[in-house]
Each structure stands twice: as structure tokens, then as C-alpha cells.
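Notes for the structure review
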Amino acid sequence: MSELNQAQQAAAEAGNGPQLILAGAGSGKTRTIVHRIGHLIAARGVAPHRILAVTFTNKAAAELKSRLSQLIGDDGGGVVSGTFHSISLRMLRRYADALGFPRTFQVIDADDQKALVKRLLKQANIATDRLHPSYLLGWIEHCKHAGQTPESAPACHWNGTDVRALYATYQQQLREHERMDFSDLILNCVLLMREHPGVSEALRRRFDHVLVDEYQDTNPVQHEWLTLMCADHHNLTVVGDDDQSIYGWRGADVRHILDFERIWSGASVHRLEENYRSSGAILNLANAIIKKNEDRHDKCLRATREYGSLPQWNICNDEYDEARKITAELINWRSAGYAWHEMAVLYRSNRQSLALEQVLREAALPYRIVGGVGFFERLEIKDALAYWALLNRCGDTLQLLRICNKPKRGIGNKGEEQLAAQLAASGLRASDWLDLLAEGKATGAAGKLAPLAKLISSLRQDVDQIPDRGLMQLLQASGYLDSLQSMGELEAATRIDNIRTLQSYIELTMEQELTPVEFMDRAALLQSSEEMQQDNDDTITLMSLHRAKGLEFDCVVLPGVEEGLLPHQRSLDDGEAGIAEERRLLYVGITRARRQLKLTTARVRRLFGEMHYPQPSRFIRDLPADILQPDTPVMPQTTAIPAAGGVQIGSNVLHPSFGEGVILASEGTGDATRITVQFRKSGLKRLMLKYAALQIV
DNA sequence: GCGGACTCTCTTTTT
DNA sequence: GAGAGTCCGC
């Protein structure tokens, strides 16, 4: 406890009942949670397995456990930790039958989920221009985040279609496929507790203390989950920072943390406001940015470190110029003695990594991209896992259909339909149905699977003896690996490489004596391979701002601090709330940095083939000038155009027929002034200023 | 059923 | 500017 400051110690040693720990960025939040758990075990005699710690990522859960082991030894291992999703899945594995699901149900991933919705709309004869699949899915997700089932959701009609009825159909089809989506994991767990008193009691009695990290990002259904779990003892400790709430789009509601004291009567509040991470200059910038948000717990992070060097802000010509300036800065930092792995580039959208990657590769700097397409979402990994699951008797219909024609077995669309019908008629699980097919008596499309079925049943004989449980043998002998060759040599090699990574991960997991079903769970919840690798390499990290939450680096670059990107165009539709969340996102980015910080803005950015001419972010324009160190030209370029009252380069203008645009250049003087304007819809135009009838916006 | 060529759409963030 | 979806001839 001597490692803690007064506020941290008070939080760690607080008694029973609801506890709110408001922990500003870099204020030693994880340390405080770890010490609180340690205190519960060592000083208060709580059994480790009676403590539940909910974290935001699987990685954070692992981190928590390892720090706990350091603090109190092996006992730390007994604490149950995980994300809401992984803990819910564990509970559902045990009690799913109460909801009418077999215990071997699987989790459906985003791709398959989308495919299911598309198919469902097609079956219902609803054109995508009448009801867009992503709108339907978005609505369903919204309901699930709010804890609403098809029965309890509000009626919703869209262009004459009953959206709520489609929600019911979607749930029905998931059930037929014995699948749950991500949101179902939480919602179904809540339904268990709502509707099944026996199960509810067992779950309520499972833990004596519940601790939740990143509490500002909980949504209503997660809130209900916690309320139900802690209904008897109220021993709920939540840790979070309302200024870092960045998952509103996922249903997170800041009010859970803002109103905690009102929701949980008798709650104690602890404030951690001393920042141990960032230099004073970086913290000043962060505080100045976040101060402009309303509706927040008022607080001010106090610096404990030296003032340090001013954060920089650079304006770049385009995204490649930006990438080059960033690269130069990274090299600069390196020569100042920082290691590559202490540097990160954190962007708003994953697409921004493209130009950076190119330039970093040319400059031969070591980097790794975190995120993007997740490892387990890759086509070849999903195929390989489908084969493996079928072999190991936990594969389902979706997985059989997925691989039935890979490699080509002469089963097309019609054949696939036929196969699905035959399988449904058999009343068997896909994995078990293969036994029947192996006898070779099936006809039609199913008959074409006989060789595969025979191969699988012969491999099943001694699958327990093989470290990878038959993965490579099956992929080889079925011709799947060979079929990858048709994608070209290089492509195939990469994919086979990925499959080998999967193989070693399976082998590793099997050594820990996990069952195949448990392995599939892990694969479903681990969004990337990141958590299966050690990150010991000395590389620069590239990732999205969202993923960077909870991490810290000596040196941080935030590229694309522009209108349209940060705040993102899509967030503008949500008005003030959307802007506030974007501001918090920038705040999260800034507070990741310990020593060095650089923000960049591009004048031109190519987004999906089109040119964009963004203005510097409004967040930068908000700042006092002495808090950032701009490189040459200060602030947005304000070259006045002679004789044109108020019209300046960079001004946003409105033209009666061309619409909105930005002034890029001007030539000539007086009545002869010509300006070049980039219009959003109508492209680049040169206009006589005198006649253009431009309105400045 | 397959493969090639074509068109069209969709571009935020993730457990 | 890429990926998915569609059409068409074999």
C-alpha cells in the first residue's frame, strides 16, 4: 500500500458496498484496482474465486491477472476476470439449455451476421434500397444494447416494413443455426437472470465482489447485468473516467458513471486526479481540450512530471506528405533515445494506415498495425476453423455450408440449398451427419460430400493423439490447401502462413487441455491475433484511437486532426453529443503520450479515390495559441485575397448552383480576381470573384 | 456449376 | 479504389 497515494489507498481499502472510483487518464487506475483486489484477498479474507473483475478487453484481463500475481502471488490466479462477453459466454455454456439453446451453440461473427441479415431480407422479399441491411442490423443491435427482446422492443416501421418483426425472424434464424451474436451473449445472460429464478440465484451467489474497469463505456444491458449480479450484496466497485467515454455508438451511456451515486444509494466516491503519465505540457493541452465539454464530472488532472517540450502541430500538404513528416519525426525521436516500441501513431479511422504503411515501409522503419481485419475474421482462418470444428464434432450447419465447395466439389447455389434441406431433414448436427454421409449412400449434393465425410471419419479415429487435432492433415488431404494456390503464389503463401499460425495456436491451447468447444469460444472472442502473440518486438505501433484506450507510449502522433476525420463526418449527424464524443476521442489520444506529442493536419486528403480539402479540426481552433507549437504557417492559412472583403484562402463558401466548397487559391486583384474553389459535389472550379455570388459560411 | 467480365456500392470506431 | 454482387457464355 505504500506505493499508493492517499486517494488511491482510500479507494483500494474502501469497505463493502458500491464504490465509484473516478480515475483520470494516467492516474494509476489499474494499480488501484489491483491493490483493491489484493486488499480484499489478503486483508479481508475474501476467497480469490469469489471476486469477479470485468475488463474491457481480453488483454486487459490478462494484464490484471499478471499484476495481481506479482502483488500477492499465486492466489491472484484464482480471481475470475474477463470481458462482459467472455464471462457471459462462460455462464451461457453452463445454462444455455434454460433458454432452449444446446450447450454447444457457437458465436456468430460480424461477417456471418451480415450475411444472415442479407439473406433474411432477400427471403422476405425486401429490397436493400427499401430497408438497408446495416440499418436493420443497427436497429437490432440498438435494441439489444438497451436490453430489449423482439417482444419488448418498441414497434418500428420503416418504409412500410415491420422492422421489429424482422428482429424476431433474425433471432429465430440464429436459434435455428444454434448461434448467438455478440450482443446476445450479454442479453441472453440477462434474460437468464430475469426469467429463471434458479439460475439467477446461482449466478448472484457466485461472486461476493464485482469490479468493473472502463465503466464509462458500459451500456444499459451491461448495467442491468451488473445490477442483477450484485443484487444481494451491492459490492460493486466501478472504475472509469467520463472524459474517456468513446463507445456511445456501441450503446455506452455516460450517465451510468455520471449518475452512479444516484443509482446506487450509499455509494462512496473516490477521485484520482494526479497524473503520473504525461508531461505538464501534454497535460495542459489535454485539459484545455476536454474543458470545453459540458456535462462531465468536473475535475482537473494535476501534473506530477516535468513540464517537458510543447506538443507540435504540423500542417501537411496531403496524406503522403503527412506520412513523410511523421516518419521524419519518428526517426528524430529515435535518435533522441526513444525505442521504437515507445512510439505510436493513433488515427481516427483504420484506412489512414495505408499511406503511413507505404512510407514507413519505404523508410524501412519497423512497425506493426494493430487491428484492421482481425485474424479470426480472415477467410482462410474461418475456412480452416470450419473444417477443424466439423472434424472435432463441434461444427455446425453454417460451417459445413461454408466449406462444402472449398475445394470445388460441384456444389453451387442450388446444391447448397439442397444440402441445407437434407441436413435439416436428417435432424442431426452437421458434425454427426457426416457419419451418415461417410457410408456413401447419400444422393444429390450430399453424395458429393462422401469423400470428405470418409476422410473425416478416418481422421476422427485418433484425432486425440495429434497435437493440432487433425487440422493440417484434414486441410491437406481434403485438397483445401491446394485450392488456395488458385489465388496466386504469393497470396497462397501468406494464407498458408496464417493457417500455420492458427495451427500453433491450436497446439498451444490443446496443451492447456481446452476442449474444442472452448477453443472455438476463444477464437470467437479474441478479435485479433494480437492477444495470442507476445509483443516483444521493437516496433512502432499503428492503431485506431479506440484501440489505444488504456495504453500509453513515450511518443505519440495523432494524424488527421481535421474536420471530417476528427470530428468524423459521420459523428456530425449526431449533433452536440457526437462532437463531444469526438472531443473525448482526441483527449484519449493526447493522454496516451508520456513525453512527446505531435498532431498533424493535411490540406488535401484522398478518401476512396476522391479529393477532400479539410479544414483543421475545430478542436485545434479552440486552443490558446501558446499551448501548441505550430511549424510554419500558423493556424489555418489566412492569406487575405485583395479587395475581397473577408474572402480568404481556406474559407468555406456556398455557391448558388455548385453548393458547398473551399477556396484553394486566388489570382489577380480587384474586379479581376479569380479564385479556385473545390466544391464538394461539383469539383474544382475557377470563378471570377466579382460574379461568383459566393456566400461565406 | 463455373469463371470471367462487368457494374455497383460503400466507405468510423469493436467486444 | 476495392470488394461484393450480377450477368452471361460455356
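Residues numbered from 1 in each chain as written. Chains lettered and ligands numbered in written order. Predicted model: local features only at pLDDT ≥ 70, side-chain atom pairs only at ≥ 80, totals over all residues. Heavy atoms only, no water.

**Overview of the overall build of chain A**
Check the secondary structure of chain A and you find 29 helices and 26 strands. Computed over its C-alpha atoms, the radius of gyration of chain A comes to 28 Å, within 12% of the 26 Å expected for a compact globule of 697 residues. Taking the principal axes of the C-alpha coordinates as reference, chain A spans close to 90 × 65 × 55 Å. The 697 residues of chain A split such that 53% are buried. The contacts in chain A between residues at least 6 apart in sequence include a share of 72% that link residues at least 24 apart. A total of about 30,600 Å² of accessible surface is found on chain A, and carbon and sulfur atoms cover 49% of it. (Helix = DSSP H or I, 4+ residues; strand = E, 2+ residues; numbered from the N terminus. Rg over C-alpha atoms; globule rule 2.2 N^0.38 Å. Buried < 20%, exposed > 50% of the residue type's maximum accessible area, 1.4 Å probe, protein only. Contact = heavy atoms within 4.5 Å. Areas by Shrake-Rupley, 256 points an atom, 1.4 Å probe, with all protein chains shown as cover.)

**Remarks on the sheet that holds strand β13 (residues 312-316)**
Pairing within the open sheet is parallel, and its 7 strands lie in the order β15-β16-β14-β17-β18-β13-β21. This sheet does not close on itself; its edge strands, each paired only once, are β15 (367-369) and β21 (629-630). Sheet topology note: the strand β14 (residues 343-347)/strand β16 (residues 540-544) ladder contains 4 bridges and is parallel. Across the sheet, residue A344 finds its bridge partner in β16, namely T541. Here helix α14 (residues 319-335) sits on the sheet and contacts β13, β14, β16, β17 (553-558) and β18 (593-602); the angle it forms with β18, its principal contact strand, is near 160 degrees. Its contacts with the sheet place helix α28 (residues 575-590) against β14, β17 and β18, and it is angled at close to 145 degrees to β17. (Pairing = 2+ DSSP bridges. Axes fitted to C-alpha atoms, helices over the stretch in contact; angles between N-to-C directions.)

**Looking at the sheet that holds strand β2 (residues 51-55)**
A sheet is described by the order of its strands in space; here 6 strands give the open sequence β3-β2-β8-β9-β1-β10, paired in parallel fashion. On the outer flanks of this sheet lie β3 (80-83) and β10 (268-272), each paired with one strand and no other. Strand after strand, the sheet turns through a mean of 15 degrees between neighbouring axes, direction not considered. As paired strands, strand β1 (residues 19-23) and β10 are joined by 5 bridges and run parallel to one another. Each residue of the ladder has a partner; that of I21, found in β10, is H270. Sitting on the sheet, helix α10 (residues 220-229) is in contact with β2, β8 (209-212) and β9 (236-240), with an inclination near 175 degrees to β2.

**With respect to the packing of aromatic side chains**
Within this structure, the stated rule accounts for 13 aromatic pairs. Ring geometry for W139 and Y167: centres 6.2 Å apart, planes at 85 degrees, overall edge-to-face. Of the two residues, W139 is situated in helix α6 (residues 133-145) and Y167 in helix α7 (residues 163-176); the sequence distance between them amounts to 28 residues. In this pair, the class of W139 matches that of Y167, namely buried. Taken together, the ring pairs connect F375, F376, W388, Y505 and F519 into an aromatic cluster. The residue whose ring lies beneath R93 is F105, and the NZ or CZ to ring-centre distance is 4.4 Å. The residue whose ring lies beneath K549 is F56, and the NZ or CZ to ring-centre distance is 3.8 Å. (Phe/Tyr/Trp six-rings, centres within 6.5 Å; stacked < 30°, edge-to-face > 60°. Lys NZ or Arg CZ within 6 Å of the ring centre and 35° of its normal.)

**Thoughts on the environment of A202**
Here A202 shows up in helix α9 (residues 197-206). A residue is classified by how much of its surface remains accessible, and A202, at 35% relative accessible area, is partly exposed. Once the C-alpha coordinates of A202 and M229 are considered, the two residues, 27 residues apart in sequence, prove to be 9.8 Å apart.

**Notes on the pattern of salt bridges**
Scanning all chains against the criterion turns up 51 salt bridges. Between K549 and D217 there is a salt bridge, with the nearest N and O atoms lying 2.3 Å from each other. Of this pair, K549 sits in the loop between α26 (545-548) and β17 while D217 sits in the loop between β8 and α10, and the two are 332 residues apart along the sequence. The residue E582 makes a salt bridge to R348 at a minimum N-O spacing of 2.8 Å. You can see E582 sitting in helix α28 and its partner R348 sitting in the loop between β14 and α15 (353-362), a full 234 residues away along the chain. Both residues of the pair, E582 and R348, count as buried. Here the salt bridges share partners, and the residues they tie into one network are K29, D213, E214, D217 and K549. (Salt bridge = Lys/Arg side-chain N within 4 Å of Asp/Glu carboxyl O.)

**Description of the nonpolar core**
Counting residues in hydrophobic clusters, the biggest one holds 64 residues, and the most contacted among them are L52, L136, V212, W225, M229 and L236. For this core, the two domains that each supply at least three residues are domain 1 (6-94 + 186-272) and domain 2 (107-177). When residues no more than four places from it in sequence are discounted, the contact partners of L136 are V117, L120, L121, L131, V163 and L166. L390, I411, L475 and L526 belong to the second largest nonpolar core, which has 51 residues in total. (Core = buried A, V, L, I, M, F, W, Y, C linked by side-chain atoms within 4.5 Å. Domains from an automatic or database assignment.)

**Let's talk about the domain arrangement of chain A**
One can read the domain layout of chain A as domain 1 (6-94 + 186-272), domain 2 (107-177), domain 3 (302-374 + 531-630), domain 4 (376-526) and domain 5 (651-696). Spacing between the C-alpha centres of domain 2 and domain 3 amounts to 36 Å.

**Overview of the confidence of the model for chain A**
Here chain A averages 87 in pLDDT, while 94% of its residues score no lower than 70. Note on residues 632-640: pLDDT under 50 across the span, and 13 contacts to partners over four residues away in sequence or across chains. (pLDDT = per-residue confidence, 0-100.)

**Focus: the pairing of strand β22 (residues 652-655)**
Side chains V653 and H655 project from β22 onto a buried face, and the interleaved N652 and L654 project onto a face without burial. In this sheet, strand β23 (residues 659-667) lies alongside β22 in antiparallel orientation, the contact comprising 4 bridges. Note that in β23 the partner of L654 across the bridge is E660. Two elements, β22 and strand β26 (residues 695-696), share 2 bridges in a ladder whose sense is antiparallel. Paired with V653 across the bridge in β26 is I696.

**A few points about the packing of α6 against helix α8 (residues 182-195)**
Running from N to C, α6 and α8 point in directions that differ by 30 degrees, and their axes come no closer than 9 Å. Accordingly, the angle class assigned to the pair α6 and α8 is roughly parallel. Where α6 crosses over α8, the handedness of that crossing is left-handed. Counted together, E141, K144 and H145 of α6 and S183, D184 and L187 of α8 form the full contact between these two elements. Residue composition of the contact of α6 with α8, by class: 1 nonpolar, 2 polar and 3 charged. (Parallel < 35°, antiparallel > 145°, perpendicular 65-115°, else oblique. Left-handed = near helix turned anticlockwise from the far one by under 90°. Nonpolar A, V, L, I, M, F, W, Y, C, P; charged D, E, K, R; others polar.)

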